[in-house]
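# Observations on the three-dimensional arrangement
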Amino acid sequence: MCSACARADAKAVLPDGDHWAVVNTSSAYMRAETRYSSECVSQTRMGTLVQVLERKGYWVKVRTPEPYEGWINELALAPTSALSASQQKEAGEWSPKLRPLTRTQAEGYLRKPKYICTAEYTHVFAGPSDSSARVSDLLMSDIILCREAPAHEDWLAVETPQGEAGWVRESDVEPFAGWAARRWGEIHGGSKMDGGRMPEGQIAQQLIGRAKLFMGVPYMWGGMSVKGFDCSGLVGLCYFMQGILLPRDASQQVLCGEEVAFADMQPGDLIFFGNTSVGHVGMYIGEGRMIHSSQIVRINSLDPSQPDYYGRNILHIRRILGHVDDGTGAISTKSSNLYFER
C-alpha cells in the first residue's frame, strides 16, 4: 500500500440506515422512476457511498451524500453478484443482484485508502500501459480504491468498488485522504502539511479556472459530470473539486452561504435566476460576467448593454466561500461522514 494512502485513526459515523452500496461506474444515472424512459434527475460518481432505500427488480433507490434520491440500475452499484443461467432461471428474469453492504461494512469501506481522479477524463487499464485492455472510464471527481501492489513507473495499482483490479496513471489521481486534508486546510487553515489557508480570492480563481475547462460541454438535464452538465451540476462539480460539497439543485444551493448585493458581487459567488422561484444558477467570474450551463457551458455578460447579455431575472446572489462548515449548507468534503471518516 502506498504511504500516501495511510488510514486515519478516526471512526466514521454514518447516518441512520442499515443498507448501503458503492457506485461502481464512472457516473451513475439517477432516474425519477424505475424505467429508462424516466427523466434523469441527477448523477452520482464512482466510489460514492450511497444509502439503499428500496429495490424494485433491477432498480435500486438510493440517497447520495448531497443528499439526493433517485433510482439507479443495480449493476451500477457494488457489490453485485452474477447469477448462473440456472440460478437466473430459478430466481426470475429480473431478480435483484445487489447485495447491500451492512452498516459495519459501509464504515469499513470509508476506512479503505482511495484515490480521487483529478484528470478531466481518463481510464482504468488492466495493466500498467495505455495499450492494456480497458477496465473502466474514470472521470474527474471519481473515487477509486488503492490496491496493495508496488507502483510501476508512473502507474498506480487500483481496484474498482466491485473488486476489479486495474492501473491508473499517477498524474491522473491524488490520494483521497491527502487531497481532502489539503482542501480543508485551504478553506479553514491548517498545518503546513495540509497546505495552509488559501485566500478566498485565490480559491475563487481555481473554481473559475476549473469551470472554464468545460466550455462548450453540452447541457444535460440531471448531468453533473464532464459528460454533460445541468446548471447546478456544473457549479456542484467545480465546488466539489475544491473540497466543498453543495446540495444538488439550484433551489437548494440558494439556501447556502450568505446573501450579497449585486454591487458587492465577487468572483466565485453564485447567481440565481428566476421569476418567483429559482430556476437557474451561474458562477460570477468578475468584470460583469458569469459562467453557466445553459444549452452549453458558456460565458455571458450581466450588462444589458453587451451583445451576450443574459437577460433572465436575478433573484439572489449567494457567497459560499467563507461560509463552509458554518451550518449554512455547504460542507467540506473532509467533514462529510459519507466521504471521509472523521
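One can find the structure itself at the top, above this paragraph.
What you are looking at is a predicted structure, and each value in this text was computed from that prediction instead of being measured. (Residues numbered from 1 in each chain as written. Predicted model: local features only at pLDDT ≥ 70, side-chain atom pairs only at ≥ 80, totals over all residues. Heavy atoms only, no water.)

Let's shift gears to the nonpolar core. Core analysis: the biggest nonpolar cluster contains 46 residues, and Phe214, Tyr239, Ile244, Leu246, Leu270, Met283 and Ile320 have the highest contact counts within it. The element contributing the most residues to this core is helix α5 (residues 231–240), with seven residues. Beyond its immediate sequence surroundings of up to four residues, Leu246 is in contact with Glu66, Val235, Tyr239, Gln253, Leu270, Ile320 and Ala330. (Core = buried A, V, L, I, M, F, W, Y, C linked by side-chain atoms within 4.5 Å. Buried < 20%, exposed > 50% of the residue type's maximum accessible area, 1.4 Å probe, protein only. Helix = DSSP H or I, 4+ residues; strand = E, 2+ residues; numbered from the N terminus. Contact = heavy atoms within 4.5 Å.)

With that out of the way, let us pick up helix α2 (residues 103–111). Residues Ala106, Glu107, Tyr109 and Leu110 constitute the buried set of α2. Considered in projection along α2, the buried side chains sweep an arc of 155° and stay on one side of the axis. As for α2, its buried residues are in contact with β1 (20–23), β4 (49–56), β8 (114–117) and β11 (143–146). (Arc of directions from axis to C-beta.)

This paragraph deals with the layout of surface pockets. Roughly 250 Å³ of volume is contained in the largest pocket. For the largest pocket, the lining is made up of 16 residues, of which Trp221, Asp230, Cys231, Ser232 and Asp249 are closest to its centre. Contributing elements (two or more residues each) for the lining of the largest pocket: α5, α6 (250–253) and β20 (278–286). With three residues, the single largest contributor to the lining of the largest pocket is β20. Residues belonging to the lining of the largest pocket are distributed by class as follows: seven nonpolar, five polar and four charged. (1 Å grid on protein atoms, 1.4 Å probe; cavity = no way out; pocket = protein on both sides within 12 Å on 5 of 7 lines; lining within 4 Å. Points joined across faces, edges and corners; volume = space filled by probe spheres on them. Nonpolar A, V, L, I, M, F, W, Y, C, P; charged D, E, K, R; others polar.)

In this section: the pattern of salt bridges. Here the structure, examined in full by the defined rule, presents 16 salt bridges. Residue Lys227 is joined to Asp137 by a salt bridge in which the shortest nitrogen-to-oxygen separation is 2.9 Å. Of this pair, Lys227 sits in the loop between β15 (224–225) and β16 (228–229) while Asp137 sits in strand β10 (residues 134–139), placing them 90 residues apart in sequence. Between Arg183 and Glu186 there is a salt bridge, and its shortest N-O distance comes to 2.9 Å. Highlighted residues: Arg183 and Glu186, both in helix α3 (residues 176–188), separated by three residues, approximately one helical turn. Grouping residues by exposure puts Arg183 and Glu186 together as buried. Connected through shared salt-bridge partners, Glu174, Arg182, Arg183 and Glu186 make up one network. (Salt bridge = Lys/Arg side-chain N within 4 Å of Asp/Glu carboxyl O.)

Turning our eyes to something else, we now look at the sheet that holds strand β21 (residues 289–294). The strand order across the open sheet built from six strands is β18-β23-β19-β20-β21-β22, with neighbouring strands paired in antiparallel fashion. The open sheet has two edge strands with one neighbour each: β18 (258–259) and β22 (296–301). On the sheet, helix α4 (residues 200–212) packs against β20, β21 and β22 and is oriented at approximately 115° with respect to β20. Contacts between α5 and the sheet are confined to β19 (270–274), β20, β21 and β22, with β20 contributing the most and set at about 45° to the helix. (Pairing = 2+ DSSP bridges. Axes fitted to C-alpha atoms, helices over the stretch in contact; angles between N-to-C directions.)

That bond from Glu66 to Pro67 is cis: its omega, 0°, falls within 30 degrees of zero. By the element assignment, Pro67 lies in the loop between β5 (59–63) and β6 (69–73). For Glu153, which is not glycine, the phi torsion reads 55° and is therefore positive. Counting through the fold element by element, Glu153 comes out in the loop between β11 and β12 (155–159). Glu153 gets classed as exposed once you look at its relative accessible area, which sits at 69%. Within the chain, Glu287 stands out as a residue other than glycine whose phi angle is a positive 55°.

Bringing the side chain of Thr64 into the picture now. Of note, Thr64 is situated in the loop between β5 and β6. When its relative accessible area of 2% is taken as the criterion, Thr64 is described as buried. A distance of 2.5 Å separates polar atoms of two side chains, one belonging to Thr64 and the other to Glu66. Thr64 has contacts with Met30, Thr44 and Val50, leaving out every residue within four places of it along the chain. (Polar contact = N/O pair within 3.5 Å; in protein donor to acceptor, adjacent residues only side chain to side chain.)

Here we take up the environment of Ile291. Residue placement: Ile291 occurs in strand β21. Placed 20 residues apart in sequence, Ile291 and Ile271 show a C-alpha to C-alpha distance of 9.9 Å. The contact partners of Ile291, leaving out residues within four places of it in the chain, are Ala211, Lys212, Met215, Gly282, Met283, Ile285, Val297, Arg298 and Ile299.

Our next topic: the environment of Arg31. Inspection of the secondary structure puts Arg31 in strand β2 (residues 27–31). The class for Arg31 is buried, based on a relative accessible area of 16%. Considered as a pair, Arg31 and Gln43 are 12 residues apart in the sequence and their alpha carbons are 8.7 Å apart. Apart from the residues lying within four places of it in its own chain, the contact partners of Arg31 are Tyr36, Ser38, Glu39, Cys40, Val41, Trp59, Gly70 and Trp71. At 3.4 Å, the side chain of Arg31 forms a polar contact with the backbone oxygen of Tyr36. A polar contact of 2.9 Å, which involves the side chain of Arg31, links it to the backbone oxygen of Ser38.

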